[in-house]
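Listed here are the chains, written in short residue letters.
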Amino acid sequence: MAAAVLKSCSAWRVLCSLIGCLSSGATVEQFEQAKSKLSALKKDPGNELKLKIYALFKQATQGPCNTPKPGMLDFVNKVKWDAWKSLGSISQDEAREQYCNLIGSLVEAEGGSSAQVAATPAGGGATYETLLVSTEDDITTIKLNRPAKKNAITPEMYNEIIAALEQAAKDESKFAVFTGAGDFYCSGNDLSNFTKISEGGVQEMARQGAELLRRYVRAYIDFPKPLVAVVNGPAVGISVTVLGLFDLIYATERATFHTPFTQLGQSAEGCSSYTFPRIMGPTKASEMLLFNKKLTASRACELGLITEVFPDSSFQSEVQTRLKAYARLPPQSLALSKQLVRSVDKERLYAVNDAEVERLTERWTSEECFNAVMSFFQAKAKL
Ligand code: COA
């Protein structure tokens, strides 16, 4: 796993040489500025650089690593500890200087980057780093915008989606549409979330993840207007399970629907343990949720998971024509009808969400999950 976390060594070597070229000590003020610049970075610098930043920060503020080595299974803290320890006895001044130079080079490297475009929702004011959100023709569109990572969902993105849904609930739109940038709809939870540095170890990471997941799924349960998914490509994990909380789902024929939870030592979320058996019957749901069966778009449509499948070549134009026609319907009637349907089992959905989150909190700290996530990154590192 450590090898996987550290896989982009060449980038790091370039940065190291950059740091080597930079000179002069950093003041406390420059250090503070670097800290705030770090939180303003638009692009995720990747695990390796984040570990380096963490290590330099610890060395700069506390001196050489002097805490006991965490156990093998305490993966996150072990990787953090290794990174800090690897700095040896460099002085706090030197660490501060390297920290400032590293953040400076990351900020500089972002200059002119348009990999992720912030968007301002009409009538809103909020901006998003990981989403493109717009309101047009009475439709608010929320587009996941990390195409290089197949729109895998980071904690920042979970929070932004919650905010975008809250915004869309209040804006003038008649319904909200979810879609993805690039060739994927979404590859589910970003698996590197499991390797993220967090004070308090694995238990704390699981607790925070659980709270975020609970709020995330609740945002779908509570959304008061019709929710439409325009599935522009393959969908994995939580992007599939929450589909049971949507009102209308159009997919390109290229789309697939995959929930590899047990493969990853995890368990179902997004209320799918309740919605999927209701939608497709218990044995078909189990084939997906327990045995990782991947559905084609046409099979997902036969099973009732999605509404309709379109040829890829005409997908966007046909769907847009439909949506524009729906947007001429009276807004109150649309919203009230949606709420009527949802009210039937809203309390049940809250309870299912809570139970699923509780189960996952335990799964995230399990050895099965640890090994599965490790295998994913090890396989990637070997490519
Ligand atoms: N978490 C973290 N990174 C992910 C990711 C995820 N869920 N899905 C894709 N990525 C990253 C890949 O690591 C890769 O990053 P890199 O370019 O830095 O190496 C990049 O996105 C492109 O993905 P890649 O695997 O090269 O594309 P692909 O077309 O061969 O495969 C997937 C796409 C989605 C099938 C494959 O990446 C995958 O299986 N991802 C994991 C999906 C998953 O298990 N999600 C959680 C469900 S609970």
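Higher on the page you've got the structure.
Residues numbered from 1 in each chain as written. Predicted model: local features only at pLDDT ≥ 70, side-chain atom pairs only at ≥ 80, totals over all residues. Heavy atoms only, no water.

A.B. asks: I'd like to hear about the packing of aromatic side chains, residue by residue, with values.
C.D. replies: Ring pairs (aromatic) are described by centroid distance and by the angle formed between their planes. This model, assessed by the stated rule, comprises eight aromatic pairs. Between the aromatic rings of Y158 and Y216, the centroid separation amounts to 4.8 Å while the plane-to-plane angle is 85 degrees, which identifies the pairing as edge-to-face. Here Y158, found in helix α7 (residues 155–170), pairs with Y216, found in helix α8 (residues 201–221); they are 58 residues apart in sequence, far enough to count as distant. Relative accessible area serves as the criterion here: at 8%, Y158 is assigned to the buried category. Owing to a relative accessible area of 3%, Y216 belongs among the buried residues under this scheme. Members of the aromatic cluster, joined through ring pairs, are Y158, F178, Y216, Y220 and F246. Here the guanidinium or amino end of R218 rests over the ring plane of Y350, the centre of that ring lying 3.8 Å away. (Phe/Tyr/Trp six-rings, centres within 6.5 Å; stacked < 30°, edge-to-face > 60°. Helix = DSSP H or I, 4+ residues; strand = E, 2+ residues; numbered from the N terminus. Buried < 20%, exposed > 50% of the residue type's maximum accessible area, 1.4 Å probe, protein only. Lys NZ or Arg CZ within 6 Å of the ring centre and 35° of its normal.)

A.B. asks: Kindly report on the sheet that holds strand β2 (residues 139–144), identifying the contributing residues and their values.
C.D. replies: Pairing is mixed across the open sheet formed by six strands, whose spatial order is β1-β2-β3-β4-β6-β9. The open sheet is flanked by β1 (131–136) and β9 (308–310), the only strands paired with a single partner. Neighbour to neighbour, the strand axes of the sheet diverge by 20 degrees on average, direction disregarded. (Pairing = 2+ DSSP bridges. Axes fitted to C-alpha atoms, helices over the stretch in contact; angles between N-to-C directions.)

A.B. asks: An account of the nonpolar core is requested, with residue identities and associated values reported.
C.D. replies: I161, F178, Y216, Y220, F246, F257 and L305 are the most contacted members of the largest nonpolar core, which totals 70 residues. With ten residues, α8 is the single largest residue contributor to this core. Those residues in contact with Y220 that sit more than four places away from it in its chain are I161, L165, F178, L227, V242, L245, F246 and R342. Ranked by size, the runner-up nonpolar core spans 22 residues in total, among them C65, V79, L87 and A95. (Core = buried A, V, L, I, M, F, W, Y, C linked by side-chain atoms within 4.5 Å. Contact = heavy atoms within 4.5 Å.)

A.B. asks: Please give an account of the sheet that holds strand β8 (residues 295–296) that cites residues and values.
C.D. replies: The three strands lie next to each other as β5-β7-β8, forming an open sheet whose pairing is mixed. In this open sheet, the two strands that pair with only one neighbour each are β5 (235–236) and β8. Direction of pairing for β5 relative to strand β7 (residues 256–258): parallel, over a ladder of two bridges. By the bridge assignment, A235 is partnered in β7 with F257.

A.B. asks: So, helix α14 (residues 331–343): which residues are in play, and what are the values?
C.D. replies: The terminal C-alpha atoms of α14, which comprises 13 residues, lie 18 Å apart, in line with the 18 Å expected from a rise of 1.5 Å per residue. If you check which residues of α14 are buried, you get L334, A335, K338 and R342. Projection of α14 onto a plane perpendicular to its axis shows the buried side chains occupying an angular sector of 90 degrees, all on one side. In α14, the exposed positions that point more than 90 degrees away from the buried face belong to Q332, L336 and L340. Elements that come into contact with the buried residues of α14 comprise β3 (175–180), α8, β4 (227–231), α13 (315–326) and α15 (346–364). (Expected span 1.5 Å × (residues − 1). Arc of directions from axis to C-beta.)

A.B. asks: Would you mind going over the pattern of salt bridges in detail, with residue names and values included?
C.D. replies: A complete count under the given rule lists 18 salt bridges for this structure. One salt bridge in this structure joins R96 and D93, with 2.9 Å as the shortest N-O distance. With a gap of three residues between them, R96 and D93 both fall in helix α6 (residues 92–110), about one helical turn apart. With relative accessibility at 18%, the residue R96 sits in the buried group. Here D312 makes a salt bridge to R254, at a shortest N to O gap of 3.5 Å. Separated by 58 residues along the polypeptide, D312 in the loop between β9 and α13 and R254 in the loop between β6 (248–252) and β7 bring together distant segments of the chain. Taken together, the shared-partner salt bridges connect R359, E362, R363 and E368 into one network. (Salt bridge = Lys/Arg side-chain N within 4 Å of Asp/Glu carboxyl O.)

Structural measurements only, silent on function.
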